[in-house]
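# Understanding the architecture of this molecule
Okay, here's what each chain looks like letter by letter:
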Amino acid sequence: MKGRLATAGADAGIERAAAIRCRALAPMVCAFLLGLPAVAPAQDLPEMVRGCASPDSSPGEALRLCDLALEFAGDRLDRPNRARVAFNAGVAALDLNNLATAKARLDLAIELDPGLAPAYVSRAEIHRRQNDATAALVDYDAAIQADPRGAAPHQGRGQLLADVGRPEEAIASFEAAAALEPAWAAPHLGKGRALFALERYPGAVDAFSAAIARDPRDPTAWLNRGEARMRAAVPGARNDYDRALLLSPEWAAAHYARALFLDEAGETEAANADYMRAHQLGLRTPQLEEKVRELSGG
């Protein structure tokens, strides 16, 4: 999910303090003074903090290490760094879809550091999964207030607005995200989908083209532009469908979309091959089921 945050300069201070307090002491005594389990002296606080923040840690391991760090840190982590550890715990729990734990950790992160914008973005994702759009919008707005230069809150807000059927408002959020992070493809993809929902197909073509220019390896952008070009009755749709399937050959929905386009274009044999392939790949719609029965002589 979201990336984890490193603690700013915390490890060095902890290590210095540990060295002073543990110098010349037996390992069992040292473990006691550090407040760490004596059975696992290797997992001292700096290592917990590093493992908590590391993208190499699995979500379960990250959550365990973050929680241990919060439990044993005491005054050895200041509030901003404790907030980052709590945030990382929340992200790990969210990756595990443990929403109650994720929210508790993110609430703690925000209590410790009300200016930690990523914590609001991640908490908004919890609200999204719980179908609470109002609470999610509140958190996206709080993230924007905490970090006016951050693109992610605008992107998340735009996606939420699009999902709840407010594409016009979503476009403004996607444009704000694109302005703040010009190289990011996702805001252009989101804007294209919102324009598509409003049946502004030429504008959608332009937005999807902008997304492709920034990330030409994304098959979704190619497929979406193909769909927009088909509805706008402009050339290039077939090439876009082909490119999407070149990038993702096992994508059933792309085979079906291309089949519909080819059928409309009178290329019946090629369309039928795509219908059958979409079905073989597991796509099930009433229209496709009927088409497959027809092609199978049923």
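The structure this text deals with has already been given above.
Residues numbered from 1 in each chain as written. Predicted model: local features only at pLDDT ≥ 70, side-chain atom pairs only at ≥ 80, totals over all residues. Heavy atoms only, no water.

## Quick notes on the overall build of the protein
Helices and strands together make up the secondary structure of the protein, namely 17 helices and zero strands. Taking all 298 residues of the protein together, the buried fraction comes to 45%. Of the contacts made within the protein by residues no fewer than 6 positions apart, 49% connect residues no fewer than 24 positions apart. As presented, the protein carries roughly 14500 Å² of accessible surface, and 54% of it is formed by carbon and sulfur atoms. (Helix = DSSP H or I, 4+ residues; strand = E, 2+ residues; numbered from the N terminus. Buried < 20%, exposed > 50% of the residue type's maximum accessible area, 1.4 Å probe, protein only. Contact = heavy atoms within 4.5 Å. Areas by Shrake-Rupley, 256 points an atom, 1.4 Å probe, with all protein chains shown as cover.)

## Description of the pattern of salt bridges
According to the stated counting rule, one finds 24 salt bridges in the structure shown. With its nearest N and O atoms 3.1 Å apart, the salt bridge here joins R128 to D163. Of this pair, R128 sits in helix α7 (residues 117-129) while D163 sits in helix α9 (residues 152-163), placing them 35 residues apart in sequence. One salt-bridge network, held together by shared partners, links R238, D242, R258, E267 and D274. (Salt bridge = Lys/Arg side-chain N within 4 Å of Asp/Glu carboxyl O.)

## Considering helix α3 (residues 45-53)
The buried fraction of α3 is high, at seven of nine residues. Among all positions of α3, only L45, P46, M48, V49, G51, C52 and A53 are buried.

## Here's the deal with the packing of helix α10 (residues 167-180) against helix α11 (residues 186-197)
Between α10 and α11, the shortest axis-to-axis distance is 9 Å and the interhelical angle comes to 160°. It follows that α10 is roughly antiparallel to α11 by the angle criterion. By crossing handedness, the relation of α10 to α11 is classed as left-handed. On α11, the residues that touch P167, I171, F174, E175, A177 and A178 of α10 are P187, H188, G190, K191, A194, L195 and A197. The residue makeup of the contact of α10 with α11, split by class, is nine nonpolar, two polar and two charged. (Axes fitted to C-alpha atoms, helices over the stretch in contact; angles between N-to-C directions. Parallel < 35°, antiparallel > 145°, perpendicular 65-115°, else oblique. Left-handed = near helix turned anticlockwise from the far one by under 90°. Nonpolar A, V, L, I, M, F, W, Y, C, P; charged D, E, K, R; others polar.)

## Let's talk about the state of the cysteines
Within the structure shown, the criterion is met by one disulfide. Paired by a disulfide, C52 and C66 hold their sulfur atoms 2.0 Å apart. Looking along the S-S bond of the C52-C66 disulfide, the torsion reads about 90°, which is the right-handed sense. In this pair, C52 is assigned in helix α3 and C66 in helix α4 (residues 59-73), connecting sequence segments 14 residues apart. For the pair formed by C52 and C66, the shared burial category is buried. (Disulfide = S-S within 2.5 Å.)

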